[in-house]
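Fold and contact review
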There are 2 protein chains.
Amino acid sequence: MSDAVVKGFDSTFGDDFQLNTITFLKYAAGTFPEVEVASRLDDGRMFRYDYAQAMRRVKRLANALTDMGVQPGDRVGVMEWNTFRFFELYFALSGIGAVLLQLNPRISHQDRAYVLQHSGAKLLCVSDSMWPLMEAIKDQLDQVQGYVLLSDDPDKQPETSLAPVSSYEQLLQGAGEEFVWPVIDERSAYSGAYTSGTTGKPKGVFYSHRSIYLHTLAIAGAARMSCEDTLMQTVPMFHCHGWGVFFAAPMLGARLIFPGRYTAETTDVLVDLLISEKVTVTCGAPAIFLPMLHYINTLEEKPRFKNLRMLSGATEPPQAMMKQYAELGADVVHAYGATETSPLVTANVLKPSLADLSEGDKWELRKKQGLPVPGLDWKVVDHNDEEIPNDGKTVGELLVKGPWIASSYYNDSRSEDSFTTDGFWRSGDAAVVDKNGYIKITDRFKDVIKSGGEWISSIDLENAIMAHPQVLEAAVVGINHPKWEERPLALVVVKPEAGEVTQDEVKEFISPGFAKWQLPDEILFVPEIPKTSVGKFSKKNIRETYQDYYARSKQG
Amino acid sequence: MSDAVVKGFDSTFGDDFQLNTITFLKYAAGTFPEVEVASRLDDGRMFRYDYAQAMRRVKRLANALTDMGVQPGDRVGVMEWNTFRFFELYFALSGIGAVLLQLNPRISHQDRAYVLQHSGAKLLCVSDSMWPLMEAIKDQLDQVQGYVLLSDDPDKQPETSLAPVSSYEQLLQGAGEEFVWPVIDERSAYSGAYTSGTTGKPKGVFYSHRSIYLHTLAIAGAARMSCEDTLMQTVPMFHCHGWGVFFAAPMLGARLIFPGRYTAETTDVLVDLLISEKVTVTCGAPAIFLPMLHYINTLEEKPRFKNLRMLSGATEPPQAMMKQYAELGADVVHAYGATETSPLVTANVLKPSLADLSEGDKWELRKKQGLPVPGLDWKVVDHNDEEIPNDGKTVGELLVKGPWIASSYYNDSRSEDSFTTDGFWRSGDAAVVDKNGYIKITDRFKDVIKSGGEWISSIDLENAIMAHPQVLEAAVVGINHPKWEERPLALVVVKPEAGEVTQDEVKEFISPGFAKWQLPDEILFVPEIPKTSVGKFSKKNIRETYQDYYARSKQG
């Protein structure tokens, strides 16, 4: 570490007691054994058990994995929907000192093969519905020594040339129920994830037991969770360990719901579970919460949620969406983070000192990423690494450091670009901080549009356009321009039921919030906006497609 | 450590980021700088500042202490009421890597001299009202190199032969406001405390930065605290660092109230602050909460508390007291711990699975110590170190181990009696665990009464007697008996306004809950019950006074 560490007087406390993931499940099984964990099966029925039963299966799994030769430090790839089996694998693998490598089914075959080779995964556990994704790269799986099929049907056999393949459920049936958990050095990796959607090859991070343990305490505090809650794990557990939210449930003895397989097109599944299971905490991105709301709007009887908190990340939640959820009794809490930050860095809570703000100002405030959570070092710095003033205007890059923040990428020369010499992770996010300490991400630095020596925020434009009642989605990118260096171009998807909308109407609609030169030169109406595997706008993709658009249209 | 630790795959996270106390105050000063900290002065007025101002004074203090030669690892004794200066000393001393040695003004001069010599304290910071307690042992302070007078009056000079003496406020005025906090190894001691009231010399424990950091997260979670809370620090900060509750306030950005000087006879001060400062969280023992209630009963206008949570430790809170507070809108939460456990081990929260219990059963449940908080290893074992069943009847000793549990006493051969070879602290408390996992402490093992080969719980008898409407307090001890080995003797204090009560009335009142042979042979009405420095019944003292009582009265 770069800071000199001062050693003081010896303590007489249990400083050797290791922060381990299995502590959470031990707690739930010991103190809240009766609390339910429910998981939606492929056929739509609910599988239900409790923490005591979950622990017994996790112990069987630990025995089965050990019998298969999985050793402390081994990486084991898992590609699965949000199910109770994924939950069991998280605890059993980390519990024996191995590493659960999160495999994203939405990245390219090429990237997946890279992730498996780069991480050195030795065993793969794969959902039957995702099996073809492995089959597609079967020639690049040399170091993999075995496969486990995750299926609701214990007797299912995949048609495959991969071998050997075991059935998860059969493994559990054949394993013993007694297992003594070893103490794992808290600085050992418990799970690994690779970032997606950026340029170049995926970059890997390996979360420690210590980091996820402390992160779990932080996210439980930010969401004000207790044993009275029912958590639905909506964020995919193959994406930054599902934001680590599900760990908080056994830690607190809260009820836990896994929605199983769903997509952005089948979010009715999620809404139905919110209602039927009386969920009080969930997590997700506006790309999921928005279609959920559209589905709710089709329901004859509107749900009335009770104390439902929806942690919302990835992109800024549209104000209209937050207001509609509020009318249903649900609180959308904007939070911010990244794969490199476990992810929780900020959460938007209202300070008591701001209680007297007008309702309008409160809604404006809620669009911000919020206040940093306790436990982290952070700063927003200009190009000279000087901290910017908290004036709500000056833009800088957000840098973060802490127990649950990455300090490097695994075996990757690109680490030095992303981490400072004193250990801060460079987010690449352009941020302002207001006088009350609220952080607002104004853009990705690489998404800021540089026009005639000035900067234009693509996110501000997107949000303004998306506030138009007939607009479903809008993405804005900076496109090469022969005169101004870059100029904004907007892609807009109108709502299915909407009538015709024109460029001029949209420009007119957003013009009050912008200088004239900041408005997009062109607004293109498109059927859909390209997205990354995690549902964010793929600006890289948009820029590639439209890179010569202004050069052609204006000059060509 | 005794467990073998398994090292897995290297993590890429910030595992070197040290858990330091100053992180909490940095957070408050950075993110909640406007939040108020208020402290009652000796003249009754309130001193008010905010976290930003507190941090500036703490930095001045860090400079002053450094200038005085305080080095990392040095022990600095502090004897003070619950004031903002004590708060500042906690952060400044631990922030520079030194150790705040908690000095209890209520122990004997002899014990205090022992604590100072055994710990090797080099500097003492003492409240002006407690100065005579130092003066009394001035001949035994050889290793002490200096003194700091804590007083509301910056120019106050004590009449003393101790030297050199500095004024706290003058030190701060003369010190600079810039200070860069070093990173402290989280396993270094941040504070030390000596247990009181037991046999033999006091035993010392030294809490690490890591232990208090993790304990703060635990207690904030158990009390469900957030930035919306106002915490009043009632438990003396010289007693197990005031249960560490005050650390949670800056960690969360919550408002913080210090009541200054008060005693069990002046708890009206505390009630007035609860009301005027709109307190939502506080902590204390029934020995304080009971007189507070008596004072409230004298008020013409009864307070209506809003979401007030009162963490209650030390002894079992009388049910009648809990019910009366509930009528006022306050929730008395029974918690359990000790100096060796930081102290939080259990807290009594209602499991959702028990929501359907009758009101009466819920009140019975609330008398138990509650459920263990997450993060600890614990067990209740019989004489063969076998875990007892969760049957609510079988009695065993509670053993605890964890990041905020002591693993030894400092430089003390008695450690081996109190800690198992695998690192558990032996509480000495007799406990049962019910089928829902709730722990109930039935007695101190040494307070269990052994009568004719059977055991009688002194605590059960005490609680039964204290439920009598005319009884203020009752203590029961086992006294040597020529025939039965021991027999129970009860000391009873009747309420000031109560009429005459007889032995037989009291025995009649409690008889439904006990076998006849379990009833005390004698009930003595006394003006007061001897107490330890922390307000618990001094059973040691009672036993000494009455050791021959049955031998004399029955046989003599």
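Only a predicted model underlies this, so the values are computations on that prediction, with no experimental measurement involved.

What counts and how
Residues numbered from 1 in each chain as written. Chains lettered and ligands numbered in written order. Predicted model: local features only at pLDDT ≥ 70, side-chain atom pairs only at ≥ 80, totals over all residues. Helix = DSSP H or I, 4+ residues; strand = E, 2+ residues; numbered from the N terminus. Rg over C-alpha atoms; globule rule 2.2 N^0.38 Å. Buried ≥ 20, exposed ≤ 12 C-beta atoms within 10 Å, placed from the backbone. Contact = placed C-beta atoms within 7 Å. Expected span 1.5 Å × (residues − 1). Nonpolar A, V, L, I, M, F, W, Y, C, P; charged D, E, K, R; others polar. Pairing = 2+ DSSP bridges. Axes fitted to C-alpha atoms, helices over the stretch in contact; angles between N-to-C directions. Core = buried A, V, L, I, M, F, W, Y, C linked by C-beta atoms within 7 Å. Parallel < 35°, antiparallel > 145°, perpendicular 65-115°, else oblique. Left-handed = near helix turned anticlockwise from the far one by under 90°. Least-squares fit on C-alpha atoms with pLDDT ≥ 70 in both. Domains from an automatic or database assignment. pLDDT = per-residue confidence, 0-100. Right-handed = clockwise from strand over helix to strand, strands pointing away.

What to know about the overall build of chain A
- Helices and strands together make up the secondary structure of chain A, namely 17 helices and 27 strands.
- Against the globule reference of 24 Å for 556 residues, chain A gives a C-alpha radius of gyration of 24 Å, in line with a compact fold.
- Overall, chain A is about 70 × 60 × 50 Å in size when its C-alpha atoms are taken along their principal axes.
- Counting the 556 residues in chain A, one finds 51% classified as buried.
- The long-range fraction of contacts in chain A, counting pairs at least 24 apart against all pairs at least 6 apart in sequence, stands at 65%.

A closer look at helix α3 (residues 84-95) of chain A
Residue and element names in this part refer to chain A.
- In a regular helix each residue adds 1.5 Å, so 12 residues correspond to 16 Å; α3 covers 16 Å between its end C-alpha atoms and thus fits that length.
- Of all 12 residues in α3, 12 are buried, a share of seventy percent or more.
- One or two residues past the end of α3 sits Gly 97, with phi positive at roughly 90°.

Quick look at the interface of chain B and chain A
- Taken together, the contact pairs 70 residues of chain B with 70 residues of chain A.
- Sorting the residues of the side of chain B that touches chain A by element identifies β1 (5-6), α1 (22-31), β9 (183-184), β11 (204-208), α7 (209-222), α8 (245-252) and β18 (371-372) of chain B as the ones contributing at least two each.
- The element that contributes the greatest number of residues to the side of chain B that touches chain A is α7 of chain B, accounting for five residues.
- Taken together, the residues of the side of chain B that touches chain A sort by class into 35 nonpolar, 21 polar and 14 charged.
- In the sheet, strand β1 (residues 5-6) of chain A pairs with β9 of chain B via two bridges, with the strands oriented parallel. Its bridge partner being in β9 of chain B, Val 5 of chain A is matched across the sheet by Val 183 of chain B.

Concerning the environment of Asp 50 of chain B
All names here are of chain B.
- Tracing the backbone through its elements, the reader meets Asp 50 in strand β3 (residues 46-50).
- Taking the number of C-beta atoms within 10 Å as the measure of exposure, Asp 50 has 18 and is therefore partly exposed.
- On a C-alpha basis, the gap between Asp 50 and Val 37 in space is 5.3 Å, while along the polypeptide they are 13 residues apart.

Some words on helix α8 (residues 245-252) of chain A
Residues and elements named next belong to chain A.
- Most of α8 is tucked away, with eight of its eight residues classed as buried.
- Among the residues of α8, those classed as buried are Val 245, Phe 246, Phe 247, Ala 248, Ala 249, Pro 250, Met 251 and Leu 252.
- Taken from the residues just after α8, Gly 253 is the one with a positive phi, measuring 75°.

Description of the sheet that holds strand β20 (residues 396-401) of chain B
Residues and elements named next belong to chain B.
- Pairing within the open sheet is antiparallel, and its four strands lie in the order β19-β20-β21-β22. Only two strands of the sheet have a single partner each, and these edge strands are β19 (377-381) and β22 (439-444). Strand-to-strand twist across the sheet, computed as the mean angle between neighbouring axes with direction ignored, equals 45°.

Things to note about the nonpolar core
- Ranked by size, the top nonpolar core spans 282 residues in total, and within it Val 76 and Ala 248 of chain A together with Val 76 of chain B carry the most contacts.
- Excluding its chain neighbours within four sequence positions, the residues that come into contact with Val 76 of chain B are Val 70, Leu 93, Ala 98, Val 99, Leu 100, Leu 101, Ala 121, Lys 122, Leu 123 and Cys 125 of chain B.
- Grouped together as the second largest cluster of nonpolar side chains are 21 residues, Ile 465, Val 477, Leu 519 and Tyr 549 of chain A included.

Side note on the packing of helix α10 (residues 286-298) of chain B against helix α11 (residues 319-327) of chain B
Residue and element names in this part refer to chain B.
- Orientation of α10 relative to α11, taken along the N-to-C sense of each, is 55°, at an axis distance of 11 Å. With respect to α11, the element α10 is oriented oblique. Classified by chirality, the crossing of α11 by α10 is left-handed. Across from Pro 286, Phe 289, Leu 290 and Leu 293 in α10, the residues of α11 making contact are Met 321, Gln 324 and Tyr 325.

A short note on the relation of the copies chain B and chain A
- Least-squares fitting of chain B to chain A yields an RMSD of 0.1 Å, with the superposition described by an axial translation of 0.0 Å and a rotation of 180°. On the angle and the small slide along the axis, the relation comes out as a two-fold axis.
- Looking at chain B, 99% of its interface residues are interface residues in chain A too, so the copies touch through the same face.

Observations regarding the sheet that holds strand β19 (residues 377-381) of chain A
All names here are of chain A.
- The four strands are arranged β19-β20-β21-β22 in an open sheet whose pairing can be described as antiparallel. Edge positions in the sheet fall to β19 and β22 (439-444), since each has one partner strand and no second. Each neighbouring strand pair of the sheet contributes to a mean axis angle of 45°, computed without reference to strand direction.
- Pairing analysis gives five bridges linking β19 to strand β20 (residues 396-401), with the strands arranged antiparallel. Note that in β20 the partner of Trp 378 across the bridge is Val 400.

A short note on the domain arrangement of chain A
- Examined at the domain level, chain A breaks down into domain 1 (22-344) and domain 2 (448-555).
- When the residues that make up the side of domain 1 of chain A that touches domain 2 of chain A are grouped by side-chain class, the tally is seven nonpolar, six polar and two charged.

A closer look at the packing of helix α9 (residues 268-276) of chain B against α10 of chain B
Residues and elements named next belong to chain B.
- Running from N to C, α9 and α10 point in directions that differ by 70°, and their axes come no closer than 8 Å. Considering their axes alone, α9 and α10 lie roughly perpendicular with respect to each other. Of the two possible hands of crossing, α9 and α10 adopt the one that is right-handed. Touching Asp 268, Leu 270 and Val 271 of α9 are Met 292, Tyr 295 and Ile 296, all from α10.
- Taken together, the residues of the contact of α9 with α10 sort by class into five nonpolar, no polar and one charged.

Quick notes on the confidence of the model for chain A
- In this model, chain A carries a mean pLDDT of 94, and residues with pLDDT of at least 70 account for 98%.
- Predicted complex, confidence summary: ipTM 0.89, pTM 0.89.

Some words on the environment of Thr 83 of chain A
- Within the secondary structure layout, Thr 83 of chain A lies in the loop between β4 (75-79) and α3.
- For the pair Thr 83 of chain A and Ala 163 of chain A, spaced 80 residues apart in sequence, the C-alpha separation works out to 24 Å.

Side note on the pairing of strand β16 (residues 330-336) of chain A
All names here are of chain A.
- Burial analysis of β16 places six of its seven residues in the buried class, which makes it a mostly covered element.
- Both strand β15 (residues 308-312) and β16 contribute to a ladder of five bridges, which runs parallel. Note that in β16 the partner of Leu 311 across the bridge is Val 333.
- In terms of strand pairing, β16 meets strand β17 (residues 346-347) through two bridges, oriented antiparallel. When the sheet's bridge partners are listed, Tyr 336 is paired in β17 with Thr 346.

Topic: the pairing of β15 of chain A
All names here are of chain A.
- For β15, the buried fraction is high: five of the five residues fall into the buried class.
- Going residue by residue along β15, you find Leu 308, Met 310 and Ser 312 tucked away on one face and Arg 309 and Leu 311 tucked away on the opposite face as well.
- Note that strand β14 (residues 281-284) and β15 share four bridges and pair parallel. Bridging across to β15, Thr 282 finds its partner in Met 310.
- Each parallel crossover has a hand, and the one from β14 via helix α10 (residues 286-298) to β15 is right-handed.
- Taken together, β15, helix α11 (residues 319-327) and β16 constitute a β-α-β crossover, and its handedness is right-handed.

Overview of unusual backbone geometry
Residue and element names in this part refer to chain A.
- In this chain, Ala 163 is followed by Pro 164 through a cis amide linkage whose omega measures -10°.
- Looking at where Pro 164 falls in the secondary structure, it is placed in the loop between β7 (146-150) and β8 (165-167).
- The amide bond that connects Ser 342 to the next residue, Pro 343, takes the cis arrangement and shows omega of 10°.
- Looking at the secondary structure, you find Pro 343 in the loop between β16 and β17.
- Here the phi dihedral of Trp 243 falls at roughly 60°; this positive angle occurs in a residue that is not glycine.
- Note on placement: Trp 243 falls in the loop between β12 (230-232) and α8.

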